[in-house]
Each structure stands twice: as structure tokens, then as C-alpha cells.
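Here are the chains, one letter per residue:
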Amino acid sequence: MSAQSITKDRLIEWLADSRELAVLDIRPAEEVGYASPLFATNLPADRLDVEIDCFIPRPVVRTVLVDDGKGGAEQAVERLAAKGWSDIHFLRGGIPAWIEGGIDRLPTFDIPGVPFVQKVRGEKNTPVVFARELKAWQEAGEDVVVIDTRTLPEYEKAHVPGAIGVPGAELLLRFSDLVPSPKTRVVVSCAGLPRAILGAQTLIDAGVDNDVSYLHDGTRGWTDDGFELETGLSQTYPLVSVNAKDVVKTHLEAFSKHDDLLFIDRPTTEKWLKDTARTTYFLDVRTPEEFAASHLQGSISSEGGQLLGVAYRTIAVRGARVILVDDLLGARARVVAHWLKRRGFEIALHLHDFEQGAEAAAA
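- Looking at an unreviewed UniProt entry, one finds the protein chain named Thiosulfate sulfurtransferase and attributed to Agrobacterium arsenijevicii.

Structure (C-alpha cells):
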């Protein structure tokens, strides 16, 4: 057996230490599904050689490839080692070996989203509404707004009828444009639990005046109760008004007052990105459309709402520093930082005046 192979027991040891570690599940996306049993980053083998640099910026990072147990990871390790990856390994037996005997007591690379938000819900007692109750409100013509906090492509496929598509990190920034009356009931939805609970609790912690709750089990709960979903981009967030930007400043003060956020300037950002001893991610949490129009050199588009629910899909190196890029208001970055810091991520914010152009922040 190759010296580059590691056993299940060795990976368990590595998941418990404090050194930087990357774990990539290289099985096809359709085989992995929503998440790997390890909650590791899924980078399919057919994209691995081309895209690994985006997920693991430094080839010296201790890296483990995990496959279906049929030898693909071993072959990939040999290729990458020949290209200069100096600390790369594969899990002997792949996922079948990892899950043998059950996974209940096994560690994971990242904190799974559901247990985290369940803890948040338990601590905060986040209010909940069930599908039949929401349906009754809608049929009675009550003043209620449903906000779907998933990505717009997910929203387009299917959502609760009448819901407005607003990805999670955008929710607080755009709230006063979407819900101008403090008397309107607000129900936050997603496909299941994580993003709906975090969205609802973000609004509550920010001190909005409205009655806010999350929809139990989201779209799944809606269909489980026998109701049909709506498709298409029915209603999505508008451009942010000047008034909404003014209102959100007050909400951000309440929301972030205990967060002890670190804001870094351009020289510090450049220094971190050039540091050969640490891995640093430079993630732009604005909308994909804003990123396409103007962004900082070296930054990666990483929609903030996705980072809230599935950080492991982007941040493949445990123990890395994460720089969140946003506009000068920083509403999206503050929301993302608020929750990721509670999950143990080392976060810094780099705010840039994109209205004045996207001057390169990194060489």
C-alpha cells in the first residue's frame, strides 16, 4: 500500500488536531448529493486537476482525497504529487471504509448545518410557523410576506406560492424595501431548516419591528402537507434603495454589537494573501451579478447566503483565514461573519467602494 494512503483512524486523528487540513470528496456530485458524510468539499475527479487551486490555494496544505473506494483517489494523488502537491494523501477504502460501522460518532470536516441551526433555534427560541397555518393566513388575505432565502436558481425551481426570492445574506440589507410596514408578518423559508432559521433569527436579532418566524421544513414541509409549489422567478429582490441603506445601518448596529469584528485595509489584505505560512480565502459575498460587474483582483465570488448554510462547499481548508469582501456598508459581510464566527471560522472584513471602481486589492 502506498505511503500516501492513510487509514480511517489516522484521518480521525487529523480531524482532531489544530493544523490546517483539506479534505476533498472527489466522487461525482450526483453521488455525493447534498453533503458528503464527512461534510467535506465536493470536487469531482473530472474537475480536480483544473480547479483544485481555487479550493486549496497553497499546495503545501495537508490534503486528503476521498473517493468511492475504487482507486480514483490514489491515481489523483499520484498526479497531483507529480505537479508539486507535497503533503497529499488518499483515504484507504474511501467513503465505504469511512462509513463502515455507522457515522453517528464520527467527526466531520465541517460542522453540519442542521445541528448548528438547531442549536441556534434552541438557544434563541426562534418562532416557527407550519405550512397549514401559513396557507390559512394567505387564503384569509392576511398581511404576510414569505421570503425564500435560498439562491435564485434554487428559488426558480420551486418555492412557496407568493414567496419573494432573497438569498440569506441579502435579507437584512433589503428588508425595508421588501417589507415597508412593521405590521406585516414575515415568514422565512428555504428547502428545509438551516437557511430559514438563520434568516429569521438574523431579522429578530437585528431588531426589526415585524413578527418574524421561519417555515417549518420549508418547501418540503409545504409539499408534505399536500400543497403545490410555484416555479419560476416570480418575485425577487429589487435594487437597494437609499432609504433601505439608511435603515439597515441601525439594524446592523444592533445585530453586530457583540461580534468584535475585524476590519482590515488593503495593505493587510495583500500581506495575508501573500503569506506562505497560512491559507487565506478572499471571498466576495455580494451577489453574483455585482461581482460580475466589478470585483477585486484575486477575489472569488462566494454568495453570502451559501456561506451561511454550506461553507464547506467553498472553504476547503480547515484552519484557514477568511476575508469577506463587501461594499462600504458591509451589510452582507457582517451577517455572514456573525454566524461563521460562531462556527469557529477566523473572519476578517475588507470593505471596498465599488462605486468608485474595483482597483486591485491583491497583486
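There's more to say after this.
1. With respect to the packing of helix H9 (residues 171-178) against helix H10 (residues 194-205)
Part 1 of the argument: For the pair H9 and H10, the least separation of the axes is 10 Å and the interaxial angle reads 70 degrees. With respect to H10, the element H9 is oriented roughly perpendicular. Here Leu 171, Leu 172 and Phe 175 of H9 lie close against H10, whose contacting residues are Gly 199, Thr 202 and Leu 203.
Part 2 of the argument: Of the residues assigned to the contact of H9 with H10, the class counts are 4 nonpolar, 2 polar and no charged.

2. Describing unusual backbone geometry
Part 1 of the argument: Residues other than glycine seldom take positive phi values, yet Asn 125 does so here, at roughly 55 degrees.
Part 2 of the argument: By the secondary structure assignment, Asn 125 is in the loop between helix H6 (113-124) and strand S6 (128-129).
Part 3 of the argument: Its identity is not glycine, yet Asp 217 carries a phi of approximately 60 degrees, on the positive side.
Part 4 of the argument: Judged by relative accessible area, which is 17%, Asp 217 ranks as buried.

3. Section: the packing of H6 against H10
Part 1 of the argument: Where H6 contacts H10, the two axes come as close as 9 Å, and the packing angle between them is 35 degrees. H6 and H10 meet at a crossing whose hand is left-handed. Contact residues: H6 offers Gly 113, Val 114, Phe 116, Val 117, Val 120, Arg 121 and Lys 124, while H10 offers Pro 194, Ile 197, Leu 198, Gln 201 and Asp 205.
Part 2 of the argument: Grouping the amino acids of the contact of H6 with H10 by side-chain chemistry returns 7 nonpolar, 2 polar and 3 charged.

4. Description of the pairing of strand S7 (residues 144-148)
Part 1 of the argument: In terms of burial, S7 is largely enclosed, as 5 of its 5 residues are buried.
Part 2 of the argument: Of the two faces of S7, the one carrying Val 144, Val 146 and Asp 148 and the one carrying Val 145 and Ile 147 are both buried.
Part 3 of the argument: When S7 meets strand S9 (residues 185-189), the two strands line up parallel, connected through 5 bridges. Looking across to S9, one finds that Asp 148 is bridged to Ser 189.
Part 4 of the argument: Across 2 bridges, S7 lies against strand S8 (residues 164-165) in parallel orientation. When the bridges of S8 are listed, Ile 147 appears paired with Ile 164.

5. A few points about the UniProt feature "domain: Rhodanese" (unreviewed entry) in the protein chain
Part 1 of the argument: As recorded in UniProt, the sites labelled "domain: Rhodanese" (unreviewed entry) are residues 17-107, 140-231 and 276-363.
Part 2 of the argument: When the span residues 17-107 is considered, its composition is 35% helix and 16% strand, and the gap between its end C-alpha atoms is 12 Å.

6. Remarks on the environment of Leu 193
Part 1 of the argument: Locating Leu 193 in the fold gives a position in the loop between S9 and H10.
Part 2 of the argument: By relative accessible area, which is 11% here, Leu 193 ends up buried.
Part 3 of the argument: Each C-alpha atom, one on Leu 193 and one on Pro 161, is 18 Å from the other, the two residues being 32 residues apart in sequence.
Part 4 of the argument: Other than its neighbours up to four places away in sequence, Leu 193 contacts Val 114, Gln 118, Arg 121, Tyr 214 and Asp 217.

7. Concerning the packing of aromatic side chains
Part 1 of the argument: Using the criterion set out here, one finds 2 aromatic pairs in the structure.
Part 2 of the argument: Plain terms: the ring middles of Phe 39 and Tyr 312 are 5.5 Å apart, the flat faces sit at 90 degrees to each other, and that makes the pair edge-to-face. With a gap of 273 residues between them, Phe 39 in the loop between helix H2 (29-32) and strand S3 (41-42) and Tyr 312 in the loop between helix H15 (304-310) and strand S13 (317-318) connect regions that are remote in the sequence. No difference in accessibility class separates Phe 39 from Tyr 312, as the two residues are buried.
Part 3 of the argument: Ring geometry for Trp 222 and Phe 227: centres 5.0 Å apart, planes at 55 degrees, overall tilted. Accessibility assignment for this pair places Trp 222 and Phe 227 in one class, buried.
Part 4 of the argument: One cation-aromatic arrangement involves Lys 135 over Phe 227; the distance from NZ or CZ to the ring centre is 5.4 Å.
Part 5 of the argument: Sitting above the plane of the Trp 137 ring, Arg 185 keeps its charged end 4.0 Å from the centroid.

8. So, the sheet that holds strand S11 (residues 280-284)
Part 1 of the argument: With parallel pairing, the 4 strands of this open sheet are ordered in space as S12-S11-S14-S15. Of all strands in the sheet, those with a lone pairing partner are strand S12 (300-301) and strand S15 (346-351), marking the two edges.
Part 2 of the argument: Those strands touched by helix H13 (residues 266-274) are S11, strand S14 (321-326) and S15, and its axis lies near 130 degrees from that of S11.

9. Description of the sheet that holds S6
Part 1 of the argument: Strand order in the open sheet formed by 5 strands is S6-S10-S9-S7-S8, and the pairing between neighbours is parallel. One side of each edge strand has no neighbouring strand; the edge strands of this open sheet are S6 and S8.
Part 2 of the argument: Its contacts with the sheet place helix H7 (residues 131-139) against S6, S7, S9 and strand S10 (212-215), and it is angled at close to 130 degrees to S7.

Rules behind the numbers
Residues numbered from 1 in each chain as written. Predicted model: local features only at pLDDT ≥ 70, side-chain atom pairs only at ≥ 80, totals over all residues. Heavy atoms only, no water. Axes fitted to C-alpha atoms, helices over the stretch in contact; angles between N-to-C directions. Helix = DSSP H or I, 4+ residues; strand = E, 2+ residues; numbered from the N terminus. Parallel < 35°, antiparallel > 145°, perpendicular 65-115°, else oblique. Contact = heavy atoms within 4.5 Å. Nonpolar A, V, L, I, M, F, W, Y, C, P; charged D, E, K, R; others polar. Buried < 20%, exposed > 50% of the residue type's maximum accessible area, 1.4 Å probe, protein only. Left-handed = near helix turned anticlockwise from the far one by under 90°. Pairing = 2+ DSSP bridges. UniProt positions renumbered as here; feature names shortened; annotations may be inferred. Phe/Tyr/Trp six-rings, centres within 6.5 Å; stacked < 30°, edge-to-face > 60°. Lys NZ or Arg CZ within 6 Å of the ring centre and 35° of its normal.

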